[in-house]
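# Descriptive structure summary
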Amino acid sequence: MYFGTAWYPEHWPETRWPEDVRMMREAGMNVCRIAEFAWSSLEPLEGEYEFDWLERAIALLADNGIAVVLGTPTAAPPAWLTHHHPDTLAIEPDGRPAQHGNRCHYSPTSPTYHKYVRRIVEHMARRFGQDPRVIGWQIDNEYNRIDYSENTHRQFQHYLKEQYGSIEALNAHWHTAYWSQTYTDFDEIPLPIGPHNPGLMLAFRRFITRVWKEFQQLQIASIRMYSRPEQWITHNFMGWFDGFDHYVLCEDLDLASWDWYVGTGHHDYTRTGAAHDLTRGFKRRNFWVMETQPGSVNWAPVNNVLYRGEARCMAWHAVAHGADALLYWQWRSAPGGQEQLHGSLIGADGRPRPFYQEACQIGAELARAAGVLRDTTPRNEVAFLNSYDARWALDAQRHHRDFDPVAHLLHYYRPFASRNIGVDIVHAEADLSGYRLVVAPALFVLSEATVAQLTRFVTEQKGTLVLTVRTGQKDVHNALFPVLQPGPLREIAGAEVEEFFALDEPVPVYGEWEASLEGQGRIWAERLRPLSERTQVIARFGLANGWLDNGPAITRHPVGTDGGQVVLVGTWLSEALQDALTRWLVQAAGVTPEPIEAPPGVEVLRRYTSDGCAVTFVINHNRQEASVVLPGTGQDVLTGETCAGTVILPGYGVRVLV
Ligand code: GAL
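Quick caveat: nothing in here was measured; it's all calculated off a predicted structure. Sequence order sets the numbering: in each chain, residues are counted from 1 along the sequence as written. Totals for whole chains, interfaces and linings use every residue, but because this is a predicted model, local features are given only for residues with pLDDT of at least 70 and side-chain atom pairs only at 80 or more, for both listing and counting. Water and hydrogen atoms play no part in the side-chain values, which are based on all heavy atoms of the structure.

## Remarks on the overall build of the chain
Each helix is a run of DSSP H or I of at least 4 residues and each strand a run of E of at least 2, with the numbering of both proceeding from the N terminus. A tally of helices and strands in the chain yields 17 helices and 24 strands. Here the C-alpha atoms of the chain give a radius of gyration of 26 Å, agreeing with the 26 Å that 2.2 N^0.38 yields for 658 residues. Dimensions along the principal axes, computed over C-alpha positions, put the chain at roughly 80 × 75 × 45 Å. Across the 658 residues of the chain, 60% fall into the buried class. We call two residues contacting when some pair of their heavy atoms lies within 4.5 Å. Excluding contacts between residues fewer than 6 apart, the proportion of contacts in the chain whose partners are at least 24 apart in sequence is 71%. Residue burial considers only the protein chains on display, and all accessible areas are found by Shrake-Rupley using a 1.4 Å probe. Carbon and sulfur atoms form 51% of the exposed surface of the chain, whose accessible area is close to 25,600 Å². Positive and negative side-chain charges of the chain, numbering 57 and 78 respectively, have mean locations separated by a distance of 3 Å. Taken over C-alpha atoms, the radius of gyration is set against a globule rule of 2.2 Å times the number of residues to the power 0.38. Here the term buried applies to any residue with accessible area under 20% of the maximum for its type, exposed to any over 50%, and partly exposed to those in between, with areas from a 1.4 Å probe on protein chains only. Only four residue types enter the charge count, namely Lys and Arg as positive and Asp and Glu as negative; His and the chain termini do not. Charge placement uses NZ in Lys and CZ in Arg. For Asp and Glu, CG and CD serve respectively.

Listed below in structure tokens is the structure:
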């Protein structure tokens with residue numbers, strides 16, 4: 001279990017460092033990330049490397065029991081580089097070069113930039129690749145920029161040629177006869193700015209993924225030339241950010257990590273849990289929270305401070321979802337620079353800010369629990385599927401302004417989280433062995449691999465599959481399937497979508513599986529048509545727009561004679577109905593219910609050793625006291641107390657039970 005912070009020793013006189021590191025140690029920190037924006041301090045002039053200061057910072061940290069994660073500094077190229085080599089600057093969609101000094105101003109496709117990146121990273125790896133004090137590397141920082149340079153444009157055309165083989169094939173898949181888009185050569189194809197042909201737009205997103213993959217591979221290769229294999233390599237992702245396909249980038253990384261910020265307002269565990277689960281799903285193993293906010297940020301509309309105790313709750317929530325590390329961003333704000341007012345542990349006066357005390361408590365508690373948490377990980381019976389292709393295609397054709405694919409997934413996630421049923425979020429093509437229930441929200445674009453996995457899941461594994469609205473309308477080229485939704489899943493769904501409706505007003509929906517249930521569908525509705533006699537209608541629309549009236553809203557199809565079942569949900573249900581549907585699904589799929597009775601706002605989750613021993617987290621996310629009823633006896637790792645029966649948790653209270 002690692003606990004630490006991002007520290008920028010290059011901002012401070014070296015005489016100050018020992019005091020900072022002493023306070024880190026006293027807060028229980030055992031890891032520190034450094035150097036990820038330090039290029040101008042590491043190579044102040046072209047070819048002149050100054051690594052001694054970094055070596056001394058690493059030594060000081062190590063002397064205090066603090067391991068180092070080294071960031072490659074490539075998110076912030078120095079002024080000498082961008083000035084002498086303007087082709088390293090990213091080009092904005094309007095054709096202007098990005099301004100120096102706001103970081104991420106580089107072009108990830110520039111061959112000149114690649115040359116300088118390779119050099120600085122190789123130099124760092126040569127110096128620190130064998131260093132046992134450095135446990136891992138973070139490549140760059142939060143990849144995000146899209147470069148619209150001529151060079152990127154040419155590379156895109158080249159990529160398309162490689163993907164499609166012939167211009168005829170591309171024209172056929174993109175249906176370019178439409179609006180005379182037909183291309184006679186790859187070099188006629190534009191870089192999409194704003195809306196464009198759906199095939200082109202989806203291909204561009206995949207190309208951007210390729211750009212980052214290659215940029216990352218270049219750095220990984222530079223590190224691996226000199227590093228010991230024990231040093232792992234990661235990148236700090238940004239939760240639901242969709243600038244590229246995270247699964248593709250994670251193929252080359254040893255560890256997934258993410259930067260977790262609340263911004264304005266407060267932490268909602270039924271939402272942020274999904275971002276942790278998403279990150280855990282990138283490599284299907286535990287992950288790191290590489291950055292999180294100590295109190296407040298500086299970039300949100302209102303930079304409020306988290307309530308006292310809230311960050312501690314958040315820390316345990318992350319651990320319960322599989323985080324093996326938590327690092328606060330940042331230790332102390334630089335006196336200059338764009339982030340002067342961001343939350344930090346140390347104040348402008350060099351002394352601890354109030355939040356430091358809470359960090360000390362978290363550090364001490366994580367250290368106490370580290371032993372029992374070793375080699376433990378969440379293990380769940382429910383999986384949610386995530387597809388970047390589907391998200392990109394949907395976002396480009398929301399058809400209803402509120403059809404946000406992430407909000408749609410979270411709408412399904414929330415009632416599982418509030419029932420304390422743990423969920424894995426995995427790639428839509430992932431192996432689904434071991435799950436009882438799979439929720440596939442809005443798989444607008446469907447690949448053959450996904451269809452095969454889902455079919456296997458319901459036929460061989462006899463699982464329960466939930467398909468939601470907007471599923472199976474497009475092939476992998478973002479063209480409409482020549483059959484109705486859910487396209488190639490119609491057979492296992494036992495139903496198809498006769499018509500879809502973006503809703504300007506909610507429509508009534510009533511459940512046939514729980515007669516008393518009535519609610520609404522909003523945003524989206526689909527008129528379903530059963531395709532088999534075995535298909536059962538479990539909810540219907542009420543009187544609505546004339547087209548939906550009394551039509552099937554949700555169907556259930558038992559697959560084969562003793563197979564699984566597919567539930568097709570034809571609208572975005574109101575909260576109460578969604579909750580009722582979840583309750584029914586959990587039962588119908590035979591998902592094990594959480595044995596600890598907990599009131600709203602109290603999260604109960606587990607991590608398991610490989611031989612099945614559990615560590616149970618009980619986290620009161622409420623500001624008020626709450627109580628839970630334990631079915632047996634447990635020992636609280638944090639306090640040593642033995643707990644049984646009714647256990648009272650104060651506001652933001654946490655129990656870690658074995
Ligand atoms: C992150 C970034 C950090 C810092 C932080 C401020 O996105 O990686 O360097 O800027 O935001 O909240």
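There's plenty left to go through after this.
## Thoughts on the pattern of salt bridges
A pairing counts as a salt bridge when a side-chain nitrogen of Lys or Arg comes within 4 Å of a carboxyl oxygen of Asp or Glu. Inspection of the entire model under this criterion finds 45 salt bridges. As a salt-bridge pair, R398 and D395 come within 2.8 Å of each other at their nearest N and O atoms. Judged by its relative accessible area of 25%, R398 falls in the partly exposed class. In this structure, a network of salt bridges that share partners links the residues D52, E55, R127, D131 and R133.

## Topic: the packing of aromatic side chains
Side-chain rings of Phe, Tyr and Trp (the six-membered ring for Trp) are treated as a pair once their centres are within 6.5 Å; stacked means planes under 30 degrees apart, edge-to-face means over 60, and tilted covers the remaining angles. Counted under the stated rule, the structure contains 42 aromatic pairs. Plain terms: the ring middles of W80 and Y116 are 5.9 Å apart, the flat faces sit at 65° to each other, and that makes the pair edge-to-face. One end of the pair, W80, is in helix α4 (residues 79–84); the other, Y116, is in helix α5 (residues 111–128), with 36 residues separating them in the sequence. Given the relative accessible area of 11%, W80 is considered buried. A relative accessible area of 2% means that Y116 is categorised as buried. Relative to F244, the ring of F241 lies with its centre 5.7 Å away and its plane at 70°, an arrangement referred to as edge-to-face. Exposure remark for F241: the relative accessible area of 26% places this residue in the partly exposed category.

## A word on the pairing of strand β17 (residues 552–558)
Among the seven residues in β17, six count as buried, and that is most of the element. One requirement defines pairing of two strands: DSSP has to find at least two bridges between them. Direction of pairing for strand β16 (residues 536–541) relative to β17: antiparallel, over a ladder of four bridges. Directly across from Q536, in β17, lies its bridge partner R556. By the bridge criterion, five bridges tie β17 to strand β18 (residues 565–569) in an arrangement that is antiparallel. Bridge pairing links P558 to Q565 in β18. Where β17 hands over to β18, the hairpin turn is made up of six residues, of which G560 adopts a positive phi near 65°.

## Quick notes on the packing of α5 against helix α8 (residues 198–224)
Orientation is described by axes fitted as lines to C-alpha atoms, over the contacting stretch for helices, and by angles from 0 to 180 degrees between their N-to-C directions. Closest axis-to-axis distance for the α5/α8 pair is 8 Å, and the angle between their directions is 30°. Relative to α8, α5 is oriented roughly parallel. Like other packed secondary-structure pairs, α5 and α8 cross with a definite hand, here right-handed. In this structure, α5 contributes Y113, H114, V117, R118, V121, E122 and A125 to the contact, and α8 contributes F215, L218, Q219, S222 and I223. Under the scheme applied here, ten amino acids are nonpolar (Ala, Val, Leu, Ile, Met, Phe, Trp, Tyr, Cys and Pro), four are charged (Asp, Glu, Lys and Arg), and all others, including Gly, are polar. Counted by class, the contact of α5 with α8 contains seven nonpolar, three polar and two charged residues. For classification purposes, an angle smaller than 35 degrees is called roughly parallel, one larger than 145 roughly antiparallel, one from 65 to 115 roughly perpendicular, and anything else oblique. It is the rotation of the near helix from the far one that decides the hand of a crossing: anticlockwise by less than a right angle makes it left-handed, clockwise makes it right-handed.

## Here we look at the site of the ligand
We call a residue near a molecule or strand when any one of its heavy atoms sits within 4 Å of it. In the neighbourhood of the ligand, the contacting residues comprise F37, R103, N141, E142, D259, Y261, E291, W299, W329, E339 and H342. R103 places a side-chain nitrogen or oxygen 2.7 Å from an oxygen atom of the ligand. Contact between the ligand and N141: an oxygen atom at 2.9 Å from a side-chain N or O atom of the residue. Its residues assigned to classes, the shell around the ligand comprises four nonpolar, two polar and five charged. Pairs of N or O atoms within 3.5 Å make up the polar contacts considered here, provided that, within protein, one atom can donate a hydrogen while the other can accept it, and that residues adjacent in sequence are counted only when both atoms are side-chain atoms.

## Quick word on unusual backbone geometry
Backbone torsion omega between W329 and Q330 reads 0°, so that peptide bond is classified as cis. If you trace the backbone, Q330 turns up in the loop between β8 (323–328) and α12 (355–373). The omega angle of the peptide bond from Q485 to P486 is -5°, so this bond is cis rather than trans. When you line up the elements, P486 lands in the loop between β12 (464–467) and α16 (490–493).

## Quick notes on helix α17 (residues 575–588)
Between the first and last residue of a helix there are one fewer steps than residues, each counted as 1.5 Å, and that sum is the expected span. Between its first and last C-alpha atoms α17 spans 20 Å; for 14 residues at 1.5 Å apiece the expected length is 20 Å, and the two agree. Regarding α17, the residues found buried are L577, Q578, A580, L581, T582, W584, L585 and V586. Directly beyond the C-terminal end of α17, a positive phi value near 70° is found at G590.

## Examining the sheet that holds strand β21 (residues 614–620)
Whether parallel or antiparallel, the strands of a sheet pair through hydrogen bonds between backbone atoms. Taken in spatial order, the three strands of this open sheet run β20-β21-β24, and their pairing is antiparallel. Only two strands of the sheet have a single partner each, and these edge strands are β20 (602–608) and β24 (654–657). For this sheet, the mean angle separating the axes of adjacent strands, direction not counted, is 15°. Here β20 runs beside β21; their pairing, made up of seven bridges, is antiparallel. In the strand pairing of β21, L605 is matched with F617.

## Observations concerning the domain arrangement of the chain
Each domain span listed reflects an automatic or database assignment of domains. What the domain assignment reports for the chain is domain 1 (2–147 + 202–373), domain 2 (382–589) and domain 3 (602–657). Of note, the centres of domain 1 and domain 3, computed from C-alpha atoms alone, are 32 Å apart. Each partner contributes residues to the interface: domain 1 has 22 residues there, and domain 3 has 17 residues. Here the buried area means the combined drop in accessible surface, using a 1.4 Å probe, for two parts upon being joined, counting both sides. Buried surface at the junction of domain 1 and domain 3, summed over both partners, amounts to about 1,700 Å²; 65% is from carbon and sulfur atoms.

## Here we look at the environment of Q338
With respect to the helices and strands, Q338 occurs in the loop between β8 and α12. Each C-alpha atom, one on Q338 and one on G101, is 9.7 Å from the other, the two residues being 237 residues apart in sequence. Contact partners of Q338, with chain neighbours within four places excluded, come to G101, N102 and N298. Within the structure, Q338 has its side chain in polar contact with the side chain of N102 (distance 2.9 Å).

## Some remarks on empty space enclosed by the protein
A cavity, in this analysis, means grid points on a 1 Å lattice covering only the protein atoms where a 1.4 Å probe fits yet has no way out; a pocket is instead an open set bounded by protein on both sides within 12 Å along at least five of seven lines, and a residue lines either one if it has an atom within 4 Å of a point. Grid points are joined across faces, edges and corners, and a volume is the space filled by probe spheres set on the points. Overall, the coordinates contain three cavities of 30 Å³ or more when judged by the stated rule. Taken as a whole, the largest cavity encloses approximately 90 Å³ of empty space. Along the wall of the largest cavity there are 13 residues; nearest its centre are N386, R391, P405, L409 and P441. Its residues assigned to classes, the lining of the largest cavity shows ten nonpolar, two polar and one charged. A volume near 60 Å³ is recorded for the second largest cavity. For the second largest cavity, the full set of lining residues is Y269, D277, H321, Y413, F416, A417, N420, I421, G422, V423, E603 and L605. For the lining of the second largest cavity, the elements supplying multiple residues, two or more each, are α10 (269–283), α14 (405–418) and β20. Here the element with the most residues in the lining of the second largest cavity is α14; it accounts for three residues. Residue composition of the lining of the second largest cavity, grouped by class: seven nonpolar, three polar and two charged.

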